[in-house]
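Commentary on secondary and tertiary structure
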Amino acid sequence: MREAMAELGEWYRERGRHELPWRGTRDPYAVFLSEVMLQQTQVERVRPYWERWMARWPSPAALAGSPLAEAIREWAGLGYNRRALHLHRAAVAVVERHDGAFPANEAAVRALPGAGEYTAAAVACFAGEVRTFVADTNIARVLARATVGVAAHRGLSRGALRTAGEALLPDADARSHNLALMDLGALVCTPRTPACDACPLARTCAWKAAGYPGAPPPAKPATPFETTARFARGRIVDALRRGPRLEAELRGALPPEHASRVEEYLAALARDGLVARAGEGWALPG
Ligand code: SF4
């Protein structure tokens, strides 16, 4: 396996996504921002948002000093608006708890709003260069296939995945190692069509050696996005980015099949802290 890891390192030096702007910084706030943006969104869509956000709010103090509604406006088009709320709350918490200095310590990051186990480990490793196990979906899939010999990580316990991942962690430069696995999962060991011929782990991969048991079937057609509650809630927040609206106006901004659920959508958004009552209607918070 040591040889395979050396080949992985070489592959990463040649083929890794070094040009991503958040790869060139060790600022934990900038890395945290990239990780939150990447949680549900593809890299190429995130890049311009990350650059704009960093230019506008280059520090937690700058973000915390702006109204939450501004953060939600800046988020327009990225989807999953709760992430803007979490980022703003995290910035406020960093100012209050850490005097504005974003931590690179895993436990301190984990205690921030919107930071799960993965995000905390990613900030510690990618910004603080801490030797720690990091597993986003891409890394988890590669580990499941290459070391355990199963098609996907979903059936594996977190402990089993961690054991597999920690066994491969090098003593030095765990950052490059984790980024290499991440890029391999994103570019080569993709969910449905892994390019094993181009993979530096092909000679030792347990899943390949076993003949690809449980290989995933072709993707089913997705539910049209416009019919989902997520689409409707996003539309409502979009309308409120332009200013306060009455409930009837928000109903009018949605396709007819959502009309009967506007109250429910608004209640959910209000519970999340993304919208608030404003007189007879609704507005972004603050
Ligand atoms: S050999 Fe194929 S299945 Fe195994 S890690 Fe590489 S791309 Fe994934």
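Residues numbered from 1 in each chain as written. Predicted model: local features only at pLDDT ≥ 70, side-chain atom pairs only at ≥ 80, totals over all residues.

**What about the overall build of the protein?**
Formally: Only runs of H or I of at least four residues qualify as helices and only runs of E of at least two qualify as strands under DSSP, and these elements are numbered from the N terminus.
A tally of helices and strands in the protein yields 15 helices and 2 strands. Dimensions of the protein, computed from the C-alpha atoms along their principal axes, are close to 65 × 45 × 30 Å.

**Some remarks on the domain arrangement of the protein**
For clarity, the cut-off: For every domain, the bounds stem from an assignment made automatically or drawn from a database. Contact between residues is assigned whenever the C-beta positions, reconstructed from backbone atoms, fall within 7 Å. Residue type decides the class: Asp, Glu, Lys and Arg count as charged, Ala, Val, Leu, Ile, Met, Phe, Trp, Tyr, Cys and Pro as nonpolar, and the leftover types, Gly among them, as polar.
Splitting the protein by domain gives domain 1 (27–126) and domain 2 (225–283). Taking only C-alpha atoms, the centre of domain 1 and the centre of domain 2 are 25 Å apart. Contact residues are listed per partner, giving 7 residues for domain 1 and 7 residues for domain 2. Counting only elements with at least two residues in the side of domain 1 that touches domain 2, the list comes to α5 (68–74) and α6 (82–98). Here the side of domain 1 that touches domain 2 is composed, by residue class, of 3 nonpolar, 2 polar and 2 charged.

**A word on the site of the ligand**
Operational definition: Using the backbone to place each C-beta atom, any residue with that atom within 6 Å of a molecule or strand is considered near it.
Around the ligand sit 13 residues in total, of which Cys189, Pro194, Cys196, Cys199 and Cys205 are the nearest. Residue assignment for the shell around the ligand shows that the elements contributing at least two residues are α9 (137–148) and α12 (206–209). Along the lines of polarity and charge, the residues of the shell around the ligand split into 11 nonpolar, no polar and 2 charged.

**Some details on the packing of helix α2 (residues 28–38) against helix α8 (residues 117–126)**
Where we set the bar: Note on geometry: axes are lines fitted to C-alpha atoms, helical ones only across the stretch in contact, with angles between N-to-C directions running from 0 to 180 degrees. Any angle that falls under 35 degrees is termed roughly parallel, while one over 145 is termed roughly antiparallel, one within 65 to 115 roughly perpendicular, and all others oblique. Take the far helix as your reference; a near helix turned counterclockwise from it by less than a right angle gives a left-handed crossing, and one turned clockwise gives a right-handed crossing.
At a minimum axis separation of 9 Å, α2 and α8 run at an interaxial angle of 140 degrees. The angle between α2 and α8 falls in the class oblique. When the axes of α2 and α8 are compared, the crossing they make is right-handed. Within the contact between the two elements, α2 uses Pro28, Val31, Phe32, Glu35 and Val36 and α8 uses Thr119, Ala122, Val123 and Phe126. Residue composition of the contact of α2 with α8, grouped by class: 7 nonpolar, 1 polar and 1 charged.

**Some points on the nonpolar core**
Formally: For our purposes the nonpolar core covers buried Ala, Val, Leu, Ile, Met, Phe, Trp, Tyr and Cys residues that link as a set through C-beta atoms within 7 Å. With C-beta atoms placed from the backbone, a residue is buried if 20 or more other C-beta atoms are within 10 Å of its own, exposed if 12 or fewer are, and partly exposed between those counts.
Ranked by internal contacts, the top residues of the largest apolar core, which has 73 residues, are Leu33 and Val123. Apart from the residues lying within four places of it in its own chain, the contact partners of Leu33 are Trp50, Trp53, Met54 and Leu87.

**Digging into unusual backbone geometry**
The backbone phi angle of Tyr80 is positive, close to 45 degrees, even though this residue is not glycine. In this fold, Tyr80 is placed in the loop between α5 and α6. Looking at Tyr80, the number of C-beta atoms within 10 Å reads 16, which means it is partly exposed. Unusually for a residue other than glycine, Tyr212 sits at a positive phi of about 60 degrees. Looking at the secondary structure, you find Tyr212 in the loop between α12 and α13 (229–241). On the neighbour-count criterion, Tyr212 (15 C-beta atoms within 10 Å) is partly exposed.

**Structural notes on the environment of Leu184**
With respect to the helices and strands, Leu184 occurs in helix α11 (residues 174–187). A tally of 26 C-beta atoms within 10 Å means that Leu184 is categorised as buried. Taking C-alpha positions, Leu184 is 8.0 Å from Gly16, a pair spaced 168 residues apart along the chain. The residues touching Leu184, leaving out its near neighbours within four places in the chain, are Leu8, Val142 and Cys189.

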